[in-house]
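Listed here are the chains, written in short residue letters.
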Amino acid sequence: NQFSYIDHPERLRWGFIAEEVFEVDPKLADGFVNGKPRSIDQNALIALNTKAIQEQQELINELRAEIEELKGTPIVKSKVKETSFIDFIINLFR
């Protein structure tokens, strides 16, 4: 979501709204004031996103293998080279 801070309405930001994140998964909300979440546990969010990337990559690899088996020919991999950062993220929690 795009939002601005109450004390700096001219500064637009992109991010998550803590109350909306809380509705999806209360464990990701943090910094409660009067029972309402005011921030998001960024470390937990990074871990969940990393796990999702890993699961997607496994599915991609399985689908590639299945396509190769059905076609009888290897799939040409993307010309986009995975960066060391992406490799790091994918392998972080393995």
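Structure shown above.
Residues numbered from 1 in each chain as written. Predicted model: local features only at pLDDT ≥ 70, side-chain atom pairs only at ≥ 80, totals over all residues. Heavy atoms only, no water.

(A) Region of interest: the overall build of the protein. A count of helical and extended segments in the protein gives three helices and four strands. Seen in sequence order, the protein has helices and strands lined up from the N terminus as β-β-α-β-β-α-α. Out of the 94 residues in the protein, the part that is buried amounts to 14%. Partitioning the contacts of the protein with sequence separation of at least 6, the portion at a separation of at least 24 is 25%. Entry remark: accessible area of the protein is about 8,000 Å², with carbon and sulfur atoms responsible for 58%. (Helix = DSSP H or I, 4+ residues; strand = E, 2+ residues; numbered from the N terminus. Buried < 20%, exposed > 50% of the residue type's maximum accessible area, 1.4 Å probe, protein only. Contact = heavy atoms within 4.5 Å. Areas by Shrake-Rupley, 256 points an atom, 1.4 Å probe, with all protein chains shown as cover.)

(B) Expanded view of a negative patch on the surface. A cluster of acidic side chains, namely Glu55, Glu58, Glu62, Glu66 and Glu69, defines a negative patch on the protein surface. For Glu69, the location among the structural elements is in helix 2 (residues 42-71). According to the relative accessible area criterion, Glu69 is exposed, its value standing at 67%. (Patch = residues over 30% accessible without salt bridge, like charges linked within 9 Å, V, L, I, M, F, W, Y side chains within 5 Å. Salt bridge = Lys/Arg side-chain N within 4 Å of Asp/Glu carboxyl O. Lys, Arg positive; Asp, Glu negative; His and termini not counted. Charge placed at Lys NZ, Arg CZ, Asp CG, Glu CD.)

(C) Spatial organisation of the pattern of salt bridges. For the structure on display, the rule yields two salt bridges. Here Arg38 makes a salt bridge to Glu19, at a shortest N to O gap of 2.8 Å. On the criterion of sequence distance, the pair formed by Arg38 in the loop between strand 3 (29-30) and strand 4 (39-40) and Glu19 in helix 1 (residues 18-24) is long-range, its members being 19 residues apart. The partly exposed category is assigned to Glu19, whose relative accessible area is 31%.

(D) Summary view of the nonpolar core. In terms of nonpolar packing, the biggest core is built from five residues, these being Ala18, Val21, Leu28, Ile40 and Leu45. Residues in contact with Val21, not counting those within four places in the same chain, are Phe16, Leu28 and Ile40. (Core = buried A, V, L, I, M, F, W, Y, C linked by side-chain atoms within 4.5 Å.)

(E) Expanded view of unusual backbone geometry. One non-glycine residue with positive phi stands out, namely Asn34, at about 55°. Along the chain, Asn34 falls in the loop between strand 3 and strand 4.

(F) Summary view of the pairing of strand 1 (residues 2-5). Here four bridges tie strand 1 to strand 2 (residues 8-14), and the two strands are oriented antiparallel to one another. Within strand 2, the residue paired with Gln2 across the bridge is Trp14. Remark: two residues form the turn of the hairpin made by strand 1 and strand 2, two consecutive strands paired antiparallel. (Pairing = 2+ DSSP bridges.)

(G) Highlighting the packing of aromatic side chains. Under the definition given, this model contains one aromatic pair. Ring geometry for Phe22 and Phe32: centres 5.8 Å apart, planes at 80°, overall edge-to-face. Taken together, the residues span a long stretch of sequence, with Phe22 in helix 1 and Phe32 in the loop between strand 3 and strand 4 at a distance of 10 residues. For Phe22, a relative accessible area of 31% gives the class partly exposed. Taking the relative accessible area as the measure of exposure, Phe32 reaches 43% and is therefore partly exposed. (Phe/Tyr/Trp six-rings, centres within 6.5 Å; stacked < 30°, edge-to-face > 60°.)

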